[in-house]
Amino acid sequence: MITIALSKGRIFQETLPLLEAAGITPREDPEKSRKLIIATNRPDVRLVIIRASDVPTYVQYGAADIGVAGKDVLIEHGGEGMYQPLDLNIARCKMMVAAHPAFDYEQAVHQGARLRVATKYLKTAREYFAAKGVHVDLIKLYGSMELAPLVKLADVIVDLVSSGSTLKANGLVAVEDIMDISSRLVVNQASLKLKRAEIQPVLDSIASAIKTD
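Residues numbered from 1 in each chain as written. Predicted model: local features only at pLDDT ≥ 70, side-chain atom pairs only at ≥ 80, totals over all residues. Heavy atoms only, no water.

An unreviewed UniProt entry annotates the chain as ATP phosphoribosyltransferase originating from Sulfuriferula multivorans. Regarding the chain, the relevant UniProt record gives this comment under Subunit (unreviewed entry): "Heteromultimer composed of HisG and HisZ subunits." (UniProt positions renumbered as here; feature names shortened; annotations may be inferred.)

Right, here's the structure in full:
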């Protein structure tokens, strides 16, 4: 049995064509089903539907053989115990620093001010600002990042930005790009060794179906 860990939403929808290229189609739509384990057309392949942030953990410990997770999630997790053989080039967005227009970010950085940064990406933010030589106080939030500068909880936020519409709707502006983000295929190291004959054809089929710019 090959177990593939996926999260609901955009990643799942954009992964479907890649799975179909490998001859794998789910028997049910996880957006409509309450089941957390979804059978596929192949008796030897099943999908587990979990939170995006949990995908690397399931793969790391072998509860799933394969998973799809965003680069942002993998950086925060650390990536131990798994290979990352493929950038799937899906669920693309940017990790950015954003602030209210009234806050002069460039001047604050130039003057060596200590910044309060709200984010759920603590490792990414810590490493980014450390590399710039900027001192920060990190404030961990789990959602609604855009609210933090508006109520003076933080000077800036570090968050994923896709279209930028949420920033705009809340009167914030992007002030710095940190990195491009896309989703990656991850594979448990032990699974690839023990189940290579079953897993490698799946990886090869997905790799051939990846769309590039």
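Further notes follow.
A. Looking closely at the layout of surface pockets. If you add up the space inside the largest pocket, you get close to 800 Å³. For the largest pocket, the lining is made up of 29 residues, of which Ala52, Asp72, Val73, Lys120 and Tyr121 are closest to its centre. When residues of the lining of the largest pocket are assigned to their parent elements, the largest contribution, 4 residues, is made by helix α3 (residues 71-77). Among the residues forming the lining of the largest pocket, the class breakdown is 11 nonpolar, 10 polar and 8 charged. Residues from two domains meet in the lining of the largest pocket; each of domain 1 (2-92 + 181-209) and domain 2 (93-180) gives at least three. (1 Å grid on protein atoms, 1.4 Å probe; cavity = no way out; pocket = protein on both sides within 12 Å on 5 of 7 lines; lining within 4 Å. Points joined across faces, edges and corners; volume = space filled by probe spheres on them. Helix = DSSP H or I, 4+ residues; strand = E, 2+ residues; numbered from the N terminus. Nonpolar A, V, L, I, M, F, W, Y, C, P; charged D, E, K, R; others polar. Domains from an automatic or database assignment.)

B. Fine view of helix α5 (residues 122-132). Listed in full, the buried residues belonging to α5 are Thr124, Ala125, Tyr128 and Phe129. The buried residues of α5 occupy an angular sector of 110° when the element is viewed end-on, so they sit on one face. Seen from the open side of α5, the exposed residues pointing more than 90 degrees away from its buried face are Ala130 and Ala131. The positive-phi residue at the C-terminal boundary of α5 is Gly133, with phi of around 75°. (Buried < 20%, exposed > 50% of the residue type's maximum accessible area, 1.4 Å probe, protein only. Arc of directions from axis to C-beta.)

C. The arrangement of the domain arrangement of the chain in detail. Each domain of the chain was delimited in the assignment, giving domain 1 (2-92 + 181-209) and domain 2 (93-180). One C-alpha centre belongs to domain 1, the other to domain 2; they are set 30 Å apart. Contacts between the two partners involve 10 residues from domain 1 and, on the opposite side, 12 residues from domain 2. Regarding the contact of domain 1 and domain 2, the summed buried area is about 840 Å², with carbon and sulfur atoms giving 51% of it. For the pair domain 1 and domain 2, the number of links is 6 residue pairs in polar contact (both at pLDDT 80 or more). The element best represented in the side of domain 1 that touches domain 2 is α3, accounting for 4 residues. (Contact = heavy atoms within 4.5 Å. Buried area = accessible area lost by both parts, 1.4 Å probe. Polar contact = N/O pair within 3.5 Å; in protein donor to acceptor, adjacent residues only side chain to side chain.)

D. Looking closely at the packing of helix α1 (residues 10-21) against helix α9 (residues 196-209). Remark: α1 packs on α9, axes separated minimally by 8 Å, with the N-to-C direction vectors making an angle of 120°. Between α1 and α9, the angle falls in the class oblique. Crossing handedness for the pair α1 and α9: right-handed. When α1 is examined against α9, the residues Leu18, Leu19 and Ala21 are found in contact with a partner set consisting of Ser205, Ile206 and Ala209. (Axes fitted to C-alpha atoms, helices over the stretch in contact; angles between N-to-C directions. Parallel < 35°, antiparallel > 145°, perpendicular 65-115°, else oblique. Left-handed = near helix turned anticlockwise from the far one by under 90°.)

E. Seen up close, the UniProt feature "domain: ATP phosphoribosyltransferase catalytic" (unreviewed entry) in the chain. Using the residue numbers shown here, the UniProt feature "domain: ATP phosphoribosyltransferase catalytic" (unreviewed entry) corresponds to residues 51-207. Segment residues 51-207 splits into 36% helix and 31% strand. End C-alpha atoms: 24 Å apart.

F. Examining the pairing of strand β1 (residues 2-6) more closely. For β1, the buried fraction is high: 5 of the 5 residues fall into the buried class. Where β1 meets strand β3 (residues 45-49), 5 bridges bridge the pair, whose relative direction is parallel. The partner of Leu6 across the bridge, within β3, is Ile49. Both β1 and strand β4 (residues 66-70) contribute to a ladder of 2 bridges, which runs parallel. When the sheet's bridge partners are listed, Ile4 is paired in β4 with Ile66. (Pairing = 2+ DSSP bridges.)

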